[in-house]
Amino acid sequence: MAKLIPRLINGIRCFSASHKYDKFATFGSFDDTFPSRLAVQNIAERYFLKLRELDFHLPGFTEVHIQFYPDEDMGPKHSTSDGVHLWNRQVYVGLDLSLWLDLNQVEQEVQMIELIGQACQLVSASDQSDKIDTAKLELLNRGQSLSIKIFEKEVSSYSVRIVCQVPSILGPVTSQVIYEDRKTQQTFQAEFVDALYVPDLIHLCGIVIVKSGILTISPRKNDFASSISWKYGGPKRFTVSKMERIEL
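Chains are numbered independently. Their residues run from 1 in the order of the written sequence. Per-residue local features of the predicted model are confined to residues with pLDDT of at least 70, and side-chain atom pairs are confined, for both listing and counting, to 80 or more; whole-chain, interface and lining totals are unaffected and use all residues. Water and hydrogen atoms were dropped before computing side-chain values, which therefore reflect all heavy atoms in the structure.

Pairing between the strands of a sheet comes from backbone hydrogen bonds, and it takes one of two forms, parallel or antiparallel. Paired strands are those between which DSSP finds at least two bridges. Put simply, DSSP marks the helices as runs of H or I at least four residues long and the strands as runs of E at least two long, and each gets a number from the N terminus on. A sheet is described by the order of its strands in space; here three strands give the open sequence S12-S13-S14, paired in antiparallel fashion. Pairing within the sheet leaves two strands with one partner each, and these edge strands are strand S12 (207-211) and strand S14 (236-239). Within the sheet, the average angular offset between the axes of one strand and its neighbour, ignoring direction, is 15°. Bridging between S12 and strand S13 (residues 214-218) involves five bridges; their strand directions are antiparallel. For Ile 209, the partnering residue across the bridge sits in S13 and is Thr 216. Axes, fitted as lines to C-alpha atoms, cover a helix only where it is in contact. Angles between the N-to-C directions of the axes lie from 0 to 180 degrees.

With phi around 60°, Asp 55 is a residue other than glycine that occupies positive phi space. Of note, Asp 55 is situated in the loop between helix H1 (40-53) and strand S4 (57-59). Asp 55 sits in the partly exposed class, given a relative accessible area of 43%. Phi at Ser 212 is positive, roughly 55°, even though this residue is not glycine. The topology assignment puts Ser 212 in the loop between S12 and S13. The buried label applies to any residue whose accessible area, calculated with a 1.4 Å probe on protein chains only, is under 20% of its type's maximum; exposed applies above 50%, and partly exposed to all values in between.

Such coordinate-based values are descriptive only and should not be taken to indicate function.
What follows is the structure, encoded as structure tokens:
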């Protein structure tokens, strides 16, 4: 058997099913079967972004699709591929509906972080296990205040980072741009965009140019970025001297 090439994670998606794991079933959004006090997909996006920041790789595929179904025996049961969409793996996870509905928002978030971590452990290589544990601890400790690096450019004279925070309930994904002048050893920060979705934010971070004290960040060069960039006003420009100076 050929060795599977490790691939950088590109997403975690959560779905729900009304019956036990059937790979030919049509799955709806998470709330279809399990009404939630939080935006479950947001928790999955936060987990994915943190794992990506940690350079987490999957064996031969790039996305984890978690299918939750009612089961008093909580936790992941097995994983499969449908043989067509080879870029993802389906992980089937039991969730006790009566227990879930009794939890408040904070308790639901803790439960979901645990289950997503277990699902990722089921389909990942053993040398990636510590990264899942690291991400889980950060999510549990910091919650929606966790700042996650999604973009970075470093050259000899400066570095540019973009970090974001993903809310636990429906709402925008907030982000900031951090500019470090390596000649003066000064660091500056400004609000970047409030994105509707995490994929939007990722594709808005593409080309960085610093010239004459102006920092310009343009979207990636692809069809998806072109289709959404107009919603956010196109390339973002910042006058470095007008950005907030911060201490790291």
